[in-house]
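Examination of the molecular architecture
What follows is the residue order along each chain.
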2 protein chains.
Amino acid sequence: MEAFGNNLRRLRKEKGFTQEKLAFEIGIEISQISRIERGILNTSVSTANAISKALKVPIRELFDFDRDRLS
Amino acid sequence: MEAFGNNLRRLRKEKGFTQEKLAFEIGIEISQISRIERGILNTSVSTANAISKALKVPIRELFDFDRDRLS
DNA sequence: TAAAAAATAGGCAAATTTGCCTATTTTATT
DNA sequence: AATAAAATAGGCAAATTTGCCTATTTTTTA
């Protein structure tokens, strides 16, 4: 959950999206993006899918839960 | 959401899991598995991740939301 | 370094998900 | 066809997520 958030933040920045832009594109609240990135909440499969589509990143990259341990 | 459920059902069967076995392995209720497969609810990212690990299928396959349109 | 932009924080009510439960229906096995 | 196994249905309370909101802090830009 925390890893998901870290992946999201990294990928979002790589793609040049602000939280606001991403939130707007997928039609959710910016406060939700913030909470997801910070690992405060465990969002749904459909939001995860929408994020992956909006950022044009493979879903696998968001779910790469082990990546963080490396860095 | 519906597609996620269909993918789950197909993959679960391919791997020879009953709903009960899968539920037990990931520590959730069998009624939840049933509801997820039927597209009644939109489960969380962490449950999706646990399912992918338990079934040993890539997360991408669960999220292959467009697959259904083919069949 | 001042102003603007981006991100964080958190309160609150409504909506949704979850676990626990019992009962019924469908599918597979003998 | 009868029994057993698997899946569906749904009620209910507790827990969690969501949207909407305002305020504050941090980061970036001029």
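Placed above this text is the structure.
Quick notes on the rules
Residues numbered from 1 in each chain as written. Chains lettered and ligands numbered in written order. Predicted model: local features only at pLDDT ≥ 70, side-chain atom pairs only at ≥ 80, totals over all residues. Heavy atoms only, no water. Near = heavy atom within 4 Å. Polar contact = N/O pair within 3.5 Å; in protein donor to acceptor, adjacent residues only side chain to side chain. Helix = DSSP H or I, 4+ residues; strand = E, 2+ residues; numbered from the N terminus. Nonpolar A, V, L, I, M, F, W, Y, C, P; charged D, E, K, R; others polar. Least-squares fit on C-alpha atoms with pLDDT ≥ 70 in both. Contact = heavy atoms within 4.5 Å. Buried area = accessible area lost by both parts, 1.4 Å probe. Salt bridge = Lys/Arg side-chain N within 4 Å of Asp/Glu carboxyl O.

Details of the protein's contact with DNA strand C
Residues in contact with DNA strand C amount to 17 residues; listed here are only the nearest, A:Arg9, A:Gln19, A:Arg38, B:Gln32 and B:Asn42. Close to the protein, within 4 Å, the atoms of DNA strand C are drawn from sugar and phosphate at a rate of 63%. At a separation of 2.7 Å, a phosphate oxygen of DNA strand C approaches a polar side-chain atom of A:Gln19. The side chain of B:Arg35 places a nitrogen or oxygen atom 3.4 Å from a base nitrogen of DNA strand C. Those elements giving two or more residues to the surface near DNA strand C turn out to be helix H1 (2-14) and helix H3 (30-37) of chain A together with helix H3 (30-37) of chain B. Looking at side-chain class alone, the surface near DNA strand C contains 2 nonpolar, 9 polar and 6 charged residues.

Brief notes about the relation of the copies chain A and chain B
When chain A is fitted to chain B, the best match, at an RMSD of 0.0 Å, comes from turning it 180 degrees and sliding it 0.0 Å along the axis. Both copies are brought into coincidence by an operation consistent with a two-fold rotation axis. Relative to the rotation axis, the closest C-alpha in chain A is found at A:Ser44, a distance of 2.1 Å. The overlap is high: 100% of the interface residues of chain A also sit at the interface in chain B, so the same surface is used on both sides.

A few points about unusual backbone geometry
Across residues other than glycine, the phi torsion is negative in most instances, and most of the peptide bonds are trans. Residues other than glycine seldom take positive phi values, yet A:Lys56 does so here, at roughly 55 degrees. Position of A:Lys56 relative to the elements: it lies in the loop between helix H4 (45-55) and helix H5 (59-62).

Details of the interface of chain A and chain B
Between chain A and chain B, the contact holds 12 residues from the first and 12 residues from the second. Carbon and sulfur atoms make up 68% of the area that chain A and chain B hide from each other, which totals about 1,200 Å². For the chain A face of the interface with chain B, the top three residues by lost area are A:Asn42, A:Val45 and A:Phe63, together amounting to 45%. Our count for the chain A to chain B interface comes out at 0 salt bridges. Between the two partners, chain A and chain B, sit 6 residue pairs in polar contact (both at pLDDT 80 or more). Looking at the side of chain A that touches chain B, the elements with two or more residues in it are H4 and H5 of chain A. It is H4(A) that provides the largest number of residues to the side of chain A that touches chain B, a total of 4 residues.

These values are about where atoms sit, not about what they do.
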